[in-house]
Amino acid sequence: MVLTTEPWTTAQNDAAMERGPHKSAHNYQNFLQDEMADFVKKGFWMVLPYDKVKHVKDLRVSPPGVVPQNERRPRTIVDYSFSGVNQETIR
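Residues numbered from 1 in each chain as written. Predicted model: local features only at pLDDT ≥ 70, side-chain atom pairs only at ≥ 80, totals over all residues. Heavy atoms only, no water.

A. Examining the overall build of the protein more closely. Counting secondary structure elements, the protein contains six helices and two strands. The linear arrangement of helices and strands in the protein, starting from the amino end, is α-α-α-α-β-β-α-α. Among the 91 residues that make up the protein, the fraction classed as buried is 27%. A separation of at least 24 residues holds for 68% of the contacts in the protein among residues at least 6 apart in sequence. With an accessible surface of roughly 6800 Å², the protein has 54% of that area assigned to carbon and sulfur atoms. (Helix = DSSP H or I, 4+ residues; strand = E, 2+ residues; numbered from the N terminus. Buried < 20%, exposed > 50% of the residue type's maximum accessible area, 1.4 Å probe, protein only. Contact = heavy atoms within 4.5 Å. Areas by Shrake-Rupley, 256 points an atom, 1.4 Å probe, with all protein chains shown as cover.)

B. Fine view of the pattern of salt bridges. One pass over the structure, following the stated rule, counts three salt bridges. The residue Lys-42 makes a salt bridge to Asp-38 at a minimum N-O spacing of 3.1 Å. The class for Asp-38 is partly exposed, based on a relative accessible area of 28%. Across the pair Lys-57 and Asp-58 runs a salt bridge, and its minimum N-O distance is 3.4 Å. Classification of Lys-57 as exposed rests on a relative accessible area of 69%. For Asp-58, a relative accessible area of 44% gives the class partly exposed. (Salt bridge = Lys/Arg side-chain N within 4 Å of Asp/Glu carboxyl O.)

C. Layout of the pairing of strand 2 (residues 72–78). Bridge count for strand 1 (residues 64–69) against strand 2 is five bridges, and the pairing is antiparallel. Residue pairing in the sheet places Pro-64 in a bridge with Val-78 of strand 2. Here strand 1 folds back onto strand 2, and the loop between the two strands holds two residues, one of which, Glu-71, carries a positive phi near 60 degrees. (Pairing = 2+ DSSP bridges.)

Below, the structure written as structure tokens:
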């Protein structure tokens, strides 16, 4: 992903953390917890406390979300539009 803006400040990432997840994550909380635990177990993801990674260069915090699917299980997403990352990305 190539971005058009300067790296986010700690204050911007703190604000994103304060805002929290997309509202869809609240609607599918149990699904999302199970999905994240499964992804960690399979080695796809690593979940770390924000206070341990907030110093990482070029960090941009984006909230988790869930997209309902017609006649299928929901789909976990990272919502880049909600956090503004989509608007900062070069197409």
